[in-house]
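Structural characterization, general
Listed here are the chains, written in short residue letters.
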Amino acid sequence: MLKVIRTVAEMQRYADAVRSGGRTLGFVPTMGALHEGHLSLVQRACRENNVVVVSLFVNPLQFGPKEDFKAYPRSFKRDRQLLEDRGVDVLFFPSRAAMYSKGFCTYVLQEGLTATLCGRSRPTHFQGVTTVVAKLFHAVKPHRSYFGQKDAQQAMVIKRMVKDLNMDIRVAVLPIVREADGLAMSSRNAYLKGKERQDALCLVNSLRKAEGLFKRGERSSRKILAAIRQVIRRVPSARIDYVSVVDPQTLQPVSIIGKKALVALAVFVGKVRLIDNTILRG
Ligand code: AMP
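Residues numbered from 1 in each chain as written. Predicted model: local features only at pLDDT ≥ 70, side-chain atom pairs only at ≥ 80, totals over all residues. Heavy atoms only, no water.

The phi torsion at Ala33 lies on the positive side, around 50 degrees, for a residue other than glycine. Tracing the backbone through its elements, the reader meets Ala33 in the loop between strand E2 (25–30) and helix H2 (36–48). Positive phi, normally seen in glycine, also occurs at Leu117, with a value near 45 degrees. Note that Leu117 resides in helix H5 (residues 117–121). The class of Leu117 is buried, set by a relative accessible area of 7%. (Helix = DSSP H or I, 4+ residues; strand = E, 2+ residues; numbered from the N terminus. Buried < 20%, exposed > 50% of the residue type's maximum accessible area, 1.4 Å probe, protein only.)

Listed below in structure tokens is the structure:
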């Protein structure tokens, strides 16, 4: 039976009881509108832990003033049922006031890794992410946490935060789950209207083009980036926010690809901003 917990204090009491009983606690943070990408993390957490907590919190702090916080899809009842069906123990569903009480003014700020890629187009985003994940970690007190490679930069940022702040939590990063036609699953895919759903395939198609070139021996980032842009520019409703070939550890751009590189992109399809990425491995 899935238990819904809405306050930090109750979540902490629950976590203390689990831990003092010698059981392991796995944690999957989400913003809800769940899909198979989220559920792949849940499934892994269930396999590796005695108790699994999933949080559902649309975090206002990680949205910019002109972004989609209000419109973000919310489907609590459906999400609750999905988690119950998958055997999750607790759904942590705090209110905004439970997470950010009056007078809240303490943030977790990470430099370096947050300056590139999505951090450049969404300047306050990662501060919102690190702050909320740190708070969720303190509420849920997990042994292990689970994140998706879909948000590659976010996963790196969280790993770095855990290391830098001596948090005793394992961070697992799991592969991108895609629709049958290749589109990376995302709660924001629900915004895509009519032909935009088809147009959105330009993200994965451009990454596949890059993978093909790399396999045939191309190592110049400039040429790979040009090929990606060409695929996306063929779609009139698509507008590139960024495309980058970066070192997967530092997230800094590389000009010649060595053993490994992360190709990451963000593209607006109509008004919907989508992200995707792939790792090129020699
Ligand atoms: P969100 O609800 O978008 O904040 O995502 C919650 C977690 O699910 C994050 O760790 C995401 O990286 C992960 N996630 C989202 N979409 C996918 C996907 N298509 N495949 C794998 N993980 C995903």
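If you walk across this open sheet you meet the six strands as E1-E4-E3-E2-E5-E6, and the pairing is parallel. Only two strands of the sheet have a single neighbouring strand rather than two, namely strand E1 (3–5) and strand E6 (170–174). Neighbouring strand axes in the sheet, compared pairwise and without regard to direction, differ in orientation by 25 degrees on average. Examined bridge by bridge, strand E3 (residues 51–56) and strand E4 (residues 90–92) share three bridges and lie parallel to one another. Bridged to Val53 within E4 is Val90. In this fold helix H7 (residues 152–164) packs onto strand E5 (144–148) and E6, with an angle of close to 170 degrees to the strand it touches most, E6. (Pairing = 2+ DSSP bridges. Axes fitted to C-alpha atoms, helices over the stretch in contact; angles between N-to-C directions. Contact = heavy atoms within 4.5 Å.)

Our focus in this paragraph is the sheet that holds strand E7 (residues 238–246). An order of E7-E8-E9 is seen for the three strands of this open sheet, with the pairing classed as antiparallel. The open sheet has two edge strands, E7 and strand E9 (272–281), and neither has a second partner. Looking at each pair of strands side by side, their axes are set apart by 15 degrees on average, direction ignored. Relative to E9, strand E8 (residues 260–269) runs antiparallel, the two sharing ten bridges. Its bridge partner being in E9, Leu262 is matched across the sheet by Ile279. Strands E7, E8 and E9 of the sheet are contacted by helix H10 (residues 221–233), whose axis makes an angle of about 160 degrees with E7.

A separate point is the site of the ligand. Close to the ligand lie 17 residues; Met31, His38, Asp151, Val177 and Met185 are nearest. Between Gly148 and the ligand, the recorded distance is 3.0 Å, taken from a backbone N or O atom to an oxygen atom. Here Asp151 contributes a side-chain N or O atom positioned 2.7 Å from an oxygen atom of the ligand. Contributions of two or more residues to the shell around the ligand are made by E2, H2 and E5. Sorting elements by how many residues they give to the shell around the ligand places H2 first, with three residues. Partitioned by chemical class, the residues of the shell around the ligand number nine nonpolar, six polar and two charged. (Near = heavy atom within 4 Å. Polar contact = N/O pair within 3.5 Å; in protein donor to acceptor, adjacent residues only side chain to side chain. Nonpolar A, V, L, I, M, F, W, Y, C, P; charged D, E, K, R; others polar.)

Turning to the nonpolar core, a few remarks are in order. Met11, Val53, Phe92, Val133, Phe137, Val140 and Ile158 are the most contacted members of the largest nonpolar core, which totals 42 residues. For this core, the leading source of residues is helix H6 (residues 125–140), giving nine residues. Apart from residues lying up to four places away in sequence, Val140 is in contact with Met11, Ala15, Leu25, Phe27, Val53 and Phe92. Ranked by size, the runner-up nonpolar core spans 29 residues in total, among them Leu201, Ile232, Ile257 and Ala261. (Core = buried A, V, L, I, M, F, W, Y, C linked by side-chain atoms within 4.5 Å.)

Attention now goes to helix H1 (residues 8–20). Note on helix geometry: an α-helix contains 3.6 residues per turn, so any two residues three or four positions apart are oriented the same way. If you check H1, its first and last C-alpha atoms are 18 Å apart, about what 13 residues at 1.5 Å a residue would give, namely 18 Å. Those residues of H1 that fall on the buried side of the exposure criterion are Met11, Ala15 and Val18. In a view along the axis of H1, the buried residues occupy a sector of 60 degrees, so they form one face of it. Looking at H1, the residues exposed on the side facing more than 90 degrees away from the buried face are Arg13 and Ser20. Of the surrounding elements, those touching the buried residues of H1 are E1, E2, E3, E4 and H6. After H1 finishes, the residue Gly22 shows a positive phi value of roughly 80 degrees. (Expected span 1.5 Å × (residues − 1). Arc of directions from axis to C-beta.)

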